[in-house]
Amino acid sequence: MPHNSLLAALSLAAMVASGTLPADIAPARQAEIIYLLKHDCGSCHGMRLEGGLGPALVADRFADWETNMLAMTILYGRPGTPMPPWRPFLSDGEAHWLATQLKQGVRP
Ligand code: HEC
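This structure is a prediction, so every number in the text was calculated from the model and none was measured. (Residues numbered from 1 in each chain as written. Predicted model: local features only at pLDDT ≥ 70, side-chain atom pairs only at ≥ 80, totals over all residues. Heavy atoms only, no water.)

1. Comments concerning the coordination of the iron atom of the ligand
Around a metal, the perfect tetrahedron of four donors has angles of 109.5 degrees, and the perfect octahedron of six donors has angles of 90 or 180 degrees.
1) Next: On the protein side, the iron atom of the ligand has His45 (NE2) and Met83 (SD) as donor atoms, found 2.0 to 2.1 Å from it.
2) Next: Considering all six donor atoms around the iron atom of the ligand, angles at the metal cover 87 to 179 degrees and the coordination shape is octahedral. Here histidine 45 is found in helix H2 (residues 27-45), whereas its partner methionine 83 is found in the loop between helix H4 (67-76) and helix H5 (92-103), with 38 residues between them in sequence.
3) Next: Histidine 45 sits in the buried class, given a relative accessible area of 10%. (Donors = N, O, S within 2.8 Å, 3.2 Å for Na, K, Ca; no water. Tetrahedral: all angles 85-135°; square planar, octahedral: opposite > 155°, others 65-115°. Helix = DSSP H or I, 4+ residues; strand = E, 2+ residues; numbered from the N terminus. Buried < 20%, exposed > 50% of the residue type's maximum accessible area, 1.4 Å probe, protein only.)

This is the structure we're talking about:
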């Protein structure tokens, strides 16, 4: 296996492992993340998350997504598209918590 894909596999495994830990996010931080969802994510995905420059972030769309895949998309973005990585602003646990909220159909 080439070195790079080994590294990618290892970091994927680490993410999956960290994603299985219960995310214990303090209520005040939860409110901040929902604020970020509305104002930052909302600027591209629509204030009601019904779509804009980026696709709608609604529960239907994520029904078949693993929570970890959703958290990874949030953390790392989509290189080559306007979707930025949120890793500077969200921890793994916070991204996982946000992914869980999106799968449950949160509306900021
Ligand atoms: C600067 C604009 C921009 C911002 C800000 C942004 N996104 Fe995105 N996002 C996009 C675009 C554009 C895509 C589609 C990328 C593609 O073509 O695959 C996308 C894709 C996604 C996807 C994959 C959706 C799918 O069905 O494939 C998720 C999940 C997502 N964004 C979540 C978020 C979250 C959560 C935030 C806030 C923390 C956020 N985005 C902020 C532009 C943005």
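Still to come is the rest of the account.
2. Observations regarding the nonpolar core
1) Next: Of all hydrophobic cores here, the largest spans 20 residues; its most connected members are Ile33, Leu37, Ile74, Leu90, Leu98 and Leu102.
2) Next: Elements with a contribution of two residues or more to this core: H2, H4 and H5.
3) Next: A per-element tally of this core places H5 first, with five residues.
4) Next: Dropping the residues within four chain positions of it, leucine 98 is found in contact with Ile33, Leu37, Ile74 and Leu90. (Core = buried A, V, L, I, M, F, W, Y, C linked by side-chain atoms within 4.5 Å. Contact = heavy atoms within 4.5 Å.)

3. Considering the packing of H2 against H5
1) Next: Interhelical geometry of H2 versus H5 gives an angle of 65 degrees and a closest axis separation of 11 Å. Regarding H2 and H5, the two cross each other, and that crossing is right-handed. Contact residues: H2 offers Arg29, Gln30, Ile33, Ile34 and Leu37, while H5 offers Glu94, Trp97, Leu98 and Leu102. (Axes fitted to C-alpha atoms, helices over the stretch in contact; angles between N-to-C directions. Left-handed = near helix turned anticlockwise from the far one by under 90°.)

4. What to know about the site of the ligand
1) Next: Around the ligand, the surrounding shell holds 21 residues, and the nearest of these are Cys41, Cys44, His45, Arg61 and Met83.
2) Next: The side chain of arginine 78 places a nitrogen or oxygen atom 2.6 Å from an oxygen atom of the ligand.
3) Next: When residues of the shell around the ligand are assigned to their parent elements, the largest contribution, five residues, is made by H2.
4) Next: Partitioned by chemical class, the residues of the shell around the ligand number 14 nonpolar, four polar and three charged. (Near = heavy atom within 4 Å. Polar contact = N/O pair within 3.5 Å; in protein donor to acceptor, adjacent residues only side chain to side chain. Nonpolar A, V, L, I, M, F, W, Y, C, P; charged D, E, K, R; others polar.)

5. Some words on H2
1) Next: Approximately 30 degrees is the largest bend angle found in H2, and it occurs at leucine 37.
2) Next: Listed as buried for H2 are Ile33, Leu36, Leu37, Cys41, Gly42 and His45.
3) Next: Contacts made by the buried residues of H2 are with H5.
4) Next: Just past H2, the residue glycine 46 takes up positive phi, approximately 95 degrees. (Bend = angle between axes of the 7 residues up to and from the residue.)

6. Some thoughts on the side chain of histidine 96
1) Next: Within the fold, histidine 96 resides in helix H5.
2) Next: Residue classification places histidine 96 among the buried positions, given a relative accessible area of 15%.
3) Next: A polar contact is formed between the side chain of histidine 96 and the side chain of asparagine 68, at a distance of 3.4 Å.

7. Describing the side chain of glutamate 94
1) Next: Position of glutamate 94 relative to the elements: it lies in helix H5.
2) Next: Not counting residues within four places of it along the chain, the set of residues in contact with glutamate 94 comprises Ile25, Arg29, Ile33 and Phe89.

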